[in-house]
Amino acid sequence: MLFRLPALNSVNLTLFFGALFAIYLLFRKRQESNLPVVYYCVMIGYTSFLEGRLSPWIVVIGLIVALLLRFEFMNDTLTKIVKASQYSLLLFIIYECTSMLFQS
């Protein structure tokens, strides 16, 4: 596994750190932040550019979940469930970005 840094890998690395920052914001209980929503909008453009590698449905579902958290109108239990799904979607995106970085 050789790590190379062409333009596509640098974009993957940026999206990797963006997902980590979105997880950090969720841990700090800042659901009203617009940054995860902006991150998912950028990811939608990225997945449409890179067809076939990352499922666009994962990113669209993540955007919907981020919007649900942004406009919080749910009780505590439902908020915890939505946050857990947001964590799992972000971790899946981190996994996919990491696998694209070390792909030969």
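In what follows, the accompanying structure is described. In this text the structure is predicted, and so the values were computed from the model without any measurement.

1. Points about the overall build of the protein chain
Working step 1: Counting secondary structure elements, the protein chain contains four helices and zero strands.
Working step 2: Moving toward the C terminus, one meets the helices and strands of the protein chain in the order α-α-α-α.
Working step 3: In summary, the protein chain has a C-alpha radius of gyration of 14 Å against a globular reference of 13 Å for 104 residues, a match within 12%.
Working step 4: Its C-alpha atoms give the protein chain principal-axis dimensions of about 45 × 25 × 20 Å.
Working step 5: With 104 residues in all, the protein chain has 38% of them scored as buried.
Working step 6: Split by element, the accessible area of the protein chain, about 6,500 Å² in all, is 69% carbon and sulfur.
Working step 7: Averaged over its 8 positive side-chain charges, the protein chain has a centre that lies 8 Å from the centre of its 5 negative ones.

2. Quick notes on the side chain of Glu96
Working step 1: Its location among the elements puts Glu96 in helix α4 (residues 76-101).
Working step 2: By relative accessible area, which is 11% here, Glu96 ends up buried.
Working step 3: When residues no more than four places from it in sequence are discounted, the contact partners of Glu96 are Arg53 and Leu54.

3. Let's talk about the environment of Trp57
Working step 1: In this fold, Trp57 is placed in helix α3 (residues 56-70).
Working step 2: Its relative accessible area of 64% is what places Trp57 among the exposed residues.
Working step 3: Linking Trp57 and Tyr24, residues 33 residues apart in sequence, is a C-alpha distance of 23 Å.

4. Notes on the environment of Cys97
Working step 1: Looking at the element boundaries, Cys97 is found in helix α4.
Working step 2: Cys97 sits 43 residues away from Leu54 along the chain, and the two C-alpha atoms are 8.9 Å apart.

5. Brief notes about helix α2 (residues 35-49)
Working step 1: Compared with an ideal rise of 1.5 Å per residue, which puts 15 residues at 21 Å, α2 spans 21 Å between its outermost C-alpha atoms and is within 8% of the ideal.
Working step 2: Every buried residue belonging to α2 is among Pro36, Val37, Tyr39, Tyr40, Met43, Tyr46 and Thr47, and all of these are buried.
Working step 3: Its buried side turned inward, α2 meets α1 (7-27), α3 and α4.

6. Re empty space enclosed by the protein
It is the rolling of a water-molecule-sized probe over the atoms that shows where space remains empty.
Working step 1: Under the defined criterion, the tally for this structure stands at one cavity of 30 Å³ or more.
Working step 2: Lining the largest cavity, in full, are Leu26, Arg30, Gln31, Ser33, Pro36, Val37, Ala66, Leu69, Arg70 and Gln86.
Working step 3: The dominant element in the lining of the largest cavity, judged by the number of residues it contributes, is α3, at three residues.

7. Let's talk about the nonpolar core
Working step 1: In this structure, Leu15, Tyr39, Tyr40, Met43, Tyr46, Leu90 and Ile93 are the most contacted members of the largest nonpolar core, which totals 27 residues.
Working step 2: Counting only elements with at least two residues in this core, the list comes to α1, α2, α3 and α4.
Working step 3: No other element matches the eight residues that α4 contributes to this core.
Working step 4: Look past the residues within four positions of Ile93 in its chain and what remains in contact with it is Tyr39, Tyr40 and Met43.

Thresholds, definitions, all that
- Residues numbered from 1 in each chain as written.
- Predicted model: local features only at pLDDT ≥ 70, side-chain atom pairs only at ≥ 80, totals over all residues.
- Heavy atoms only, no water.
- Helix = DSSP H or I, 4+ residues; strand = E, 2+ residues; numbered from the N terminus.
- Rg over C-alpha atoms; globule rule 2.2 N^0.38 Å.
- Buried < 20%, exposed > 50% of the residue type's maximum accessible area, 1.4 Å probe, protein only.
- Areas by Shrake-Rupley, 256 points an atom, 1.4 Å probe, with all protein chains shown as cover.
- Lys, Arg positive; Asp, Glu negative; His and termini not counted.
- Charge placed at Lys NZ, Arg CZ, Asp CG, Glu CD.
- Contact = heavy atoms within 4.5 Å.
- Expected span 1.5 Å × (residues − 1).
- 1 Å grid on protein atoms, 1.4 Å probe; cavity = no way out; pocket = protein on both sides within 12 Å on 5 of 7 lines; lining within 4 Å.
- Points joined across faces, edges and corners; volume = space filled by probe spheres on them.
- Core = buried A, V, L, I, M, F, W, Y, C linked by side-chain atoms within 4.5 Å.

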